[in-house]
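Spelled out from the first residue to the last, the chains are:
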Amino acid sequence: MGAGPGVGTGTGTGIGNGIGNGAGGAAAGALGAAVAALYTATLPPALPGGDAGELITAAYELGVAHPPGYPLFTLLAKVATELPGGSPAFRVNLLCGLVGAAAASLLFCTVFRLSGSYAGGILAAGVFSFSRLTWQWSITAEVFSLNNLFVGLLMALTAHFEEASTAKERSKISKWGAFCCGLSLCNQHTIVLYVACIVPWVLSQLFRKRELSLGHLLKLGLCFLAGLLPYLYLPASSYLNRARWTWGDQTTFQGFLTHFLREEYGTFNLAKSETGSSMGEMLLFQLAQMKSELSLPVLVLALVACVSTALPLKKQQKSPVIWLFTGMLCLYSLFFAWRANLDVTKPLFLGVVERFWLQSSAVVAVLAGLGLATLASLGRDTVLLPCLEWLPALALVASQLWANYSTCDQSNNYVVDKFARNVLSSMPRGAVILLRGDLPGNALRYLHYCEGMRPDITLVDQEMMTYGWYLPKLAKHLPGVHFPGNRWNPVEGALPDGTLAFNLHRFLQVNKHKEVFVCIGLHEGDSTWKRSHSLWPWGTCEKLVPSGAVFDPGEWIRLTRNLYNWTEDYGSFSPSSWEAVANEEMWQARMKTAFFIFDLAERASVTAEMKAQLYTFAYTSYKEIVSSHPHHPVNWHKNFAIACERMLRLGRGDVDPELLLSQTVKHFLLYTQKAEDDPQRQDILQAVQHLREELQGLRRRKAELRRGAG
């Protein structure tokens, strides 16, 4: 196989140059440095949302992250947390940014090696690295930038293998490739679909050239297994059991397999017990996302690269590699659309799913770079060649920067960090918090364990307590909290496997010496707590209070009125972001006590006088909150309107009926204008019509009384 010039060599140095060698290597390094500079300038200085808190905590504690464990990321992040400068979260964010920049260099190298085109390489690296999604997930402490690095590395090695001119060189590259294939699986398992395409392709190429002996095949297998060695970290960490936060028990082979195969989530599924969008709907969303993220011209250029392999061009690119990359893209997209069991019509779930489309977008970007080089090669004998390549490449990269810089600039983003700090600061000394969900669980754990905030508080994970490994491994790190068994289960007693289970009622009975809070919400499967406790609002959380306690609405309003110092504007974040979730929780927390008091007035069996007092407290609180925040959640309008209507029916003389009626009408109308999808909207509008008539009648009677008095 020759090493002659490829398409686009009029602007390149030729295919023979190796990755990291010559002008191509210098250009790749310069490009990576530029991407690293922009990523670093836009890094979040504090904790991001999602899994970042859990991943950083697992690394900081040298524990095991959620399935499949991510041992390579954990070890790299541990090194980052030991470095000076900034918080542990910032250091791991920086690590991910630098890894993402290295991924950009590898995409450039792939295109440059196959085409010799600088412009094509810059297009591929630039449009991918500066797309909103790539940028967003390359500067946060997540596993996606490392996965992007391996995608770029495997494609670059594949291109290098294709260009190798000697059997010795191909043998060396194939061994490195086998090692990197194994190592890539120590991070995100979705890359196995690319490995499943590349491995048989390389083996077939070696076989066709009569270079695949049994000994070489054995060496390739050993190199692949060597790449998997970081997985030894999982049983080692689990055996030592020193981490205050870890996931699973990998001290047995079955426990290791359970974690490695993600059985607790559902192997080959994104989430546990979720019903997702159809395969066709998922593919349409992916295509729309690619068009939005990479732009239509980039998709067209990628198609040009694919079509070019069937055309009789004089200077043909490496068709086998292009078809391989196209096959990788198709296999990944189809398989992921089949197994991604989340409803992408919901913004938050779309935000979870779209991160996994980065892997396919990287291939599309490389194909687009090759497509640009193909078009440029058609006019390689004209003086316009540099313009044909560089103008579209630079324009498309510049448009990505222009469109996404402000959106992806997270240098002042403290939202999730402030959420967690507010929640922890609001707790009384020595409290126990029963955590539920990724936002409070991951964020509070990070601040508590990694930054040492509120060491007096104990964090217990509700979901994890349902797993048999959680308490045997972590109960010793939860001092002062008593567990009347080894596992939380609504039906207490001995389970079929001999495990002693306890329910929430029993847990509360043996921890009467502690103030217990839930954040956010309680596990629906266990309602036994209702036998002896009630839930009272405490900001975004609730406090489990013994049933005999007397509720003083005025005192509770005073205690919860200023729990948090929250200054973020409502609706100021993308609906699919964790910042939006945190902001929503904090805003709704302002109304929770008023809602609780109103609900108590509706349901409690109390005297008429007490009911009137509760309605009055709720109305007064609602009014204060709504008037203090002109731009607020839409449901506040409905809640306040209903509270006004209830006060009107009470007929108390200390509140003007006309004011109550006008407030009821006003806020019901504002609600129906903003909540057009409410199934009760028409009923509300009919009620508003009756209330308007009642308001007009009241005003007529008042006018008649004034005329009679005059």
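Quick caveat: nothing in here was measured; it's all calculated off a predicted structure.

Enquirer: So what's going on with the sheet that holds strand 2 (residues 458-461)? Residues and values would help.
Expert: Read across the sheet, five strands follow the order 2-1-6-8-7 without closing on themselves; strand pairing throughout is mixed. Looking along the sheet, the strands with just one partner apiece sit at the ends: strand 2 and strand 7 (533-538). Averaged over all pairs of adjacent strands, the angle between strand axes in this sheet comes to 30°, irrespective of strand direction. Bridge analysis of strand 6 (residues 516-519) against strand 8 (residues 541-546) gives three bridges, and the strand direction is antiparallel. By the bridge assignment, V516 is partnered in strand 8 with L544. Strands strand 7 and strand 8 of the sheet are contacted by helix 25 (residues 578-603), whose axis makes an angle of about 140° with strand 7.

Enquirer: Break down the packing of helix 7 (residues 144-163) against helix 17 (residues 358-378) for me, citing the residues and quoting the values.
Expert: For the pair helix 7 and helix 17, the least separation of the axes is 10 Å and the interaxial angle reads 40°. Here helix 7 and helix 17 pass one another in a crossing that is right-handed. Side by side, helix 7 and helix 17 meet where F144, N147, N148, V151 and M155 of the first sit next to L358, Q359, A362, V363 and V366 of the second.

Enquirer: I'd like to hear about helix 8 (residues 167-184), residue by residue, with values.
Expert: For helix 8, spanning 18 residues, the distance from its first C-alpha to its last is 25 Å, which sits close to the expected 26 Å at 1.5 Å a residue. Contact partners of the buried residues in helix 8: helix 3 (71-81), helix 7, helix 9 (192-208) and helix 10 (214-227).

Enquirer: Any details on the pattern of salt bridges? Residues and values, ideally.
Expert: Per the stated rule, a full pass over the model turns up 25 salt bridges. The partner of R355 in a salt bridge is E142, and the shortest N-O contact between them spans 3.7 Å. In this pair, R355 is assigned in the loop between helix 16 (347-354) and helix 17 and E142 in the loop between helix 6 (132-138) and helix 7, connecting sequence segments 213 residues apart. Given the relative accessible area of 2%, E142 is considered buried. Within the structure, one salt-bridge network assembled from shared partners comprises E602, E645, R646, R649 and E694.

Enquirer: For the sheet that holds strand 4 (residues 493-494), give the residues involved together with the corresponding values.
Expert: Taken in spatial order, the three strands of this open sheet run 3-5-4, and their pairing is mixed. Looking at strand neighbours, the two that pair on one side only are strand 3 (487-488) and strand 4, the edges of this open sheet. Pairing of strand 3 with strand 5 (residues 500-502) involves two bridges; the strand directions are parallel. Across the sheet, residue W488 finds its bridge partner in strand 5, namely F502.

Enquirer: A description of the packing of aromatic side chains should follow, citing residues and the corresponding values.
Expert: Using the criterion set out here, one finds 34 aromatic pairs in the structure. With 5.4 Å between their ring centres and 85° between their planes, F144 and F356 make a pair best called edge-to-face. Taken together, the positions of F144 in helix 7 and F356 in the loop between helix 16 and helix 17 put the pair 212 residues apart, joining distant regions of the chain. You can call F144 buried: its relative accessible area is 4%. Since its relative accessible area comes to 11%, F356 is described here as buried. A centroid spacing of 5.0 Å and a plane angle of 75° characterise the contact between W536 and F551, whose relative ring orientation is edge-to-face. Here F551 lies in the loop between strand 8 and helix 24 (553-560) and W536 lies in strand 7, a separation of 15 residues in the sequence. Residues W536 and F551 agree in their burial class; the two are buried. Ring pairing ties together the aromatic residues W137, F144, Y194, Y332, F336 and F356, which thus form one cluster. Lying over the aromatic face of W587, R590 brings its terminal NZ or CZ to 4.4 Å of the ring centre.

Enquirer: Mind laying out the pairing of strand 6, listing which residues take part and the relevant values?
Expert: In summary, the side chains of a regular strand alternate between the two faces of the sheet. Of the two faces of strand 6, the one carrying V516 and V518 and the one carrying F517 and C519 are both buried. The pairing of strand 1 (residues 432-435) with strand 6 spans four bridges and is classified as parallel. The residue of strand 6 that forms the bridge with I433 is F517.

Enquirer: Explain a nonpolar patch on the surface residue by residue, including any values.
Expert: Taken together, the side chains of L218, L222 and L225 make up a nonpolar region of the molecular surface, amounting to roughly 320 Å² of accessible area. The topology assignment puts L218 in helix 10.

Enquirer: Explain unusual backbone geometry to me, and be specific about the residues and the numbers.
Expert: Residue P68 is reached from P67 by a cis peptide bond, and omega for that bond is 10°. Relative to the helices and strands, P68 resides in the loop between helix 2 (52-61) and helix 3. With phi around 55°, N241 is a residue other than glycine that occupies positive phi space. Within the secondary structure, N241 sits in the loop between helix 11 (233-240) and helix 12 (253-260). Even without a glycine there, the phi angle at R454 is positive, about 50°.

Enquirer: An account of the environment of L185 is needed here, citing residue identities and associated values.
Expert: Within the secondary structure layout, L185 lies in the loop between helix 8 and helix 9. Sequence separation between L185 and N147 is 38 residues; the distance between their C-alpha atoms is 9.2 Å. Non-local contacts of L185, meaning those with residues more than four positions away in its chain, are made with I191, V192, F224, L228 and Y231.

Enquirer: Residues and numbers for the environment of Y233, please.
Expert: You can see Y233 is positioned in helix 11. Separated by 169 residues in sequence, Y233 and V64 have C-alpha atoms that sit 8.5 Å apart. Those residues in contact with Y233 that sit more than four places away from it in its chain are A58, L62, G63, P71, T74 and L75. At 3.1 Å, the side chain of Y233 and the backbone oxygen of L62 are in polar contact.

Enquirer: Can you lay out the nonpolar core for me, pointing to particular residues and giving the numbers?
Expert: In this structure, F73, F325, V423, M427 and I433 are the most contacted members of the largest nonpolar core, which totals 188 residues. Per-element tally for this core: the top contributor is helix 4 (residues 88-115), with 14 residues. Non-local contacts of F73, meaning those with residues more than four positions away in its chain, are made with L55, V92, C96, A141, E142, V143, L146 and N187. Counting 26 residues, the second-largest nonpolar core is a separate cluster that includes W245, M464, L474 and W529.

Enquirer: Tell me what's going on with the side chain of Q289, and back it up with residues and numbers.
Expert: Assignment of secondary structure puts Q289 in helix 13 (residues 279-294). In contact with Q289, other than residues within four places in its own chain, are L133, E354, W357 and S361.

Enquirer: An account of the packing of helix 4 against helix 17 is requested, with residue identities and associated values reported.
Expert: One way to put it is that helix 4 packs onto helix 17 with a least axis distance of 10 Å and a crossing angle of 35°. Two packed elements cross with a definite hand, and for helix 4 against helix 17 that hand is right-handed. Across from L107, T110, V111, L114 and S115 in helix 4, the residues of helix 17 making contact are A362, V366, G369, L370 and A373. For the contact of helix 4 with helix 17, the residue count by class is seven nonpolar, three polar and no charged.

Reading the values: rules and limits
- Residues numbered from 1 in each chain as written.
- Predicted model: local features only at pLDDT ≥ 70, side-chain atom pairs only at ≥ 80, totals over all residues.
- Heavy atoms only, no water.
- Pairing = 2+ DSSP bridges.
- Helix = DSSP H or I, 4+ residues; strand = E, 2+ residues; numbered from the N terminus.
- Axes fitted to C-alpha atoms, helices over the stretch in contact; angles between N-to-C directions.
- Contact = heavy atoms within 4.5 Å.
- Left-handed = near helix turned anticlockwise from the far one by under 90°.
- Expected span 1.5 Å × (residues − 1).
- Salt bridge = Lys/Arg side-chain N within 4 Å of Asp/Glu carboxyl O.
- Buried < 20%, exposed > 50% of the residue type's maximum accessible area, 1.4 Å probe, protein only.
- Phe/Tyr/Trp six-rings, centres within 6.5 Å; stacked < 30°, edge-to-face > 60°.
- Lys NZ or Arg CZ within 6 Å of the ring centre and 35° of its normal.
- Patch = residues over 30% accessible without salt bridge, like charges linked within 9 Å, V, L, I, M, F, W, Y side chains within 5 Å.
- Areas by Shrake-Rupley, 256 points an atom, 1.4 Å probe, with all protein chains shown as cover.
- Polar contact = N/O pair within 3.5 Å; in protein donor to acceptor, adjacent residues only side chain to side chain.
- Core = buried A, V, L, I, M, F, W, Y, C linked by side-chain atoms within 4.5 Å.
- Nonpolar A, V, L, I, M, F, W, Y, C, P; charged D, E, K, R; others polar.

Honestly, it's all geometry; don't read function into it.
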